[in-house]
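Residue-level listing of the chains:
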Amino acid sequence: MVTEGYETMLRYVMDIPRQLGQMLDRHHEVDILPRYRFRNILFVGMGGSAMGGDIAVSVLQRDVSCPMAVCRDYRLPGWAGPDTMLFAVSYSGNTEEALAAYGEAIRRRCRIVCISSGGQLTDSARRRGHPLFTVPDGLPPRAAIGYLTVPLLLMLGRQGVYPKVETEIEEAAQLLRELRDPWLGKSRRLASRLRGRLPFLYATSSLTAAAATRWRCQLNENSKVVCHASILPEHNHNEIVGMGSPSFLRRKTAAIFLTDRDTHERTSARVHITRSLARDLFEHVVLLEGRGRGRFARLMSLVMLGDLVSVELARLQGVDPLPVQRIDELKNRMASRR
Ligand code: PA5
């Protein structure tokens with residue numbers, strides 16, 4: 001069972017470049033979207049369905065002049081309204097927080113677009129005439145990362161906020177295709193450093209913040225481990241004081257810095273100093289940099305590496321990466337309380 005789950009999840013990760021290409025081939029489907037007028041952009045979703053929003057924000061926030069945010073809650077932020085372009089994303093289409101936030105978006109007359117593989121969100125979008133991008137079903141939501149991310153980017157391209165979108169997605173698909181086999185070996189070595197240890201992920205820029213979130217979630221769900229993620233330079237103003245404590249954890253932790261060539265030069269200096277301070281406080285300290293030219297490719301290369309590491313760590317720890325029993329149980333128990 002464990003081996004079968006490992007092979008299936010590994011196949012899903014190896015399939016990310018194909019997902020990117022497949023969604024890119026459907027670019028004409030977003031042409032039917034009206035050109036909206038909006039002043040801010042909000043992505044609504046939970047867990048695996050929120051990741052596309054994180055990726056879009058990380059890739060675009062340096063270039064886009066309007067505010068962008070991800071909402072992982074039942075309620076929308078106070079500023080969401082008719083000037084908001086709102087993406088409601090739920091892979092299953094049945095996640096209650098996403099549905100509640102979508103309901104509030106309707107009441108507040110946001111410009112709504114839905115992305116889902118089915119469920120209540122799909123039904124409601126069809127009934128109400130909200131633009132809907134339907135993605136292939138039958139996967140664990142976190143394995144649908146390409147399906148859930150590319151439509152968002154294409155729609156943002158259609159709205160004029162991501163001019164190079166198609167070239168960047170193509171570049172990422174090609175790069176990931178080249179990296180996936182050589183990075184399997186790399187991911188095995190990284191996973192062996194994480195085995196039996198508490199991973200600490202440190203992002204060094206807004207771009208790699210989304211990668212750190214993805215690594216954390218994949219290590220949680222695939223490898224079934226708790227893990228911590230934070231970002232520099234903020235880390236240098238609080239967490240740095242607590243590094244290495246409680247001391248019984250020292251030999252049981254591994255720090256991974258996720259960096260990017262566009263990291264602010266002063267933050268790069270901070271990373272250098274922080275790593276040297278961390279050396280005696282963690283069992284392993286590793287620095288990883290995204291590959292590729294465009295921001296999307298650089299981010300997705302780190303995302304795929306983290307996905308591979310999470311699957312390899314599951315194998316090393318003898319757990320099945322596929323089931324997420326506690327999420328399922330929680331959802332069932334919440335449903336029974338309606
Ligand atoms: O990976 C998972 O299964 C979860 O993080 C889900 O994505 C999360 O519970 C939300 O469900 P959905 O993606 O179907 O909206």
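From a predicted model like this one, the values you see are computed outputs, not experimental measurements.

Parameters at a glance
- Residues numbered from 1 in each chain as written.
- Predicted model: local features only at pLDDT ≥ 70, side-chain atom pairs only at ≥ 80, totals over all residues.
- Heavy atoms only, no water.
- Helix = DSSP H or I, 4+ residues; strand = E, 2+ residues; numbered from the N terminus.
- Rg over C-alpha atoms; globule rule 2.2 N^0.38 Å.
- Buried < 20%, exposed > 50% of the residue type's maximum accessible area, 1.4 Å probe, protein only.
- Areas by Shrake-Rupley, 256 points an atom, 1.4 Å probe, with all protein chains shown as cover.
- Lys, Arg positive; Asp, Glu negative; His and termini not counted.
- Charge placed at Lys NZ, Arg CZ, Asp CG, Glu CD.
- Salt bridge = Lys/Arg side-chain N within 4 Å of Asp/Glu carboxyl O.
- Pairing = 2+ DSSP bridges.
- Right-handed = clockwise from strand over helix to strand, strands pointing away.
- Disulfide = S-S within 2.5 Å.

Peer 1: Just to check I follow, could you spell out the overall build of the protein for this structure?
Peer 2: Each helix and strand in the protein was counted, giving 12 helices and 9 strands. The C-alpha radius of gyration of the protein comes to 20 Å, within 12% of the 20 Å expected for a compact globule of 338 residues. Its C-alpha atoms give the protein principal-axis dimensions of roughly 55 × 45 × 40 Å. Counting every position in the protein, which comprises 338 residues, the buried fraction comes to 55%. By element, 48% of the accessible surface of the protein is carried by carbon and sulfur atoms, the whole surface being about 15,400 Å². In the protein, 48 side chains carry a positive charge and 35 a negative one; their mean positions are 3 Å apart.

Peer 1: Help me out: how do you make sense of the pattern of salt bridges in this one?
Peer 2: In this structure the tally under the stated criterion is 16 salt bridges. Two residues, arginine 108 and glutamate 104, come together in a salt bridge whose shortest N-O distance is 2.4 Å. Take arginine 108: its relative accessible area is 22%, and that puts it in the partly exposed class. With a relative accessible area of 15%, glutamate 104 lands in the buried category. For glutamate 312, the salt bridge goes to arginine 188, with nearest N and O atoms at 3.1 Å.

Peer 1: What's the story with the pairing of strand E7 (residues 228-231) in this structure? I'm lost.
Peer 2: Along any regular strand, the residues point their side chains to alternate faces of the sheet. Relative to E7, strand E6 (residues 198-203) runs parallel, the two being bridged by 4 bridges. Along E7, the bridge assignment pairs phenylalanine 200 with histidine 228. The parallel pair E6 and E7 is bridged by helix H8 (residues 206-221), and the resulting crossover is right-handed.

Peer 1: Just to check I follow, could you spell out the state of the cysteines for this structure?
Peer 2: In protein structure, a disulfide is the covalent linkage between the sulfur atoms of two cysteines. With the rule as written, the count across this model stands at 0 disulfides. With no disulfide partner, cysteine 71 has as its closest neighbouring cysteine sulfur the one in cysteine 110, 10 Å distant.

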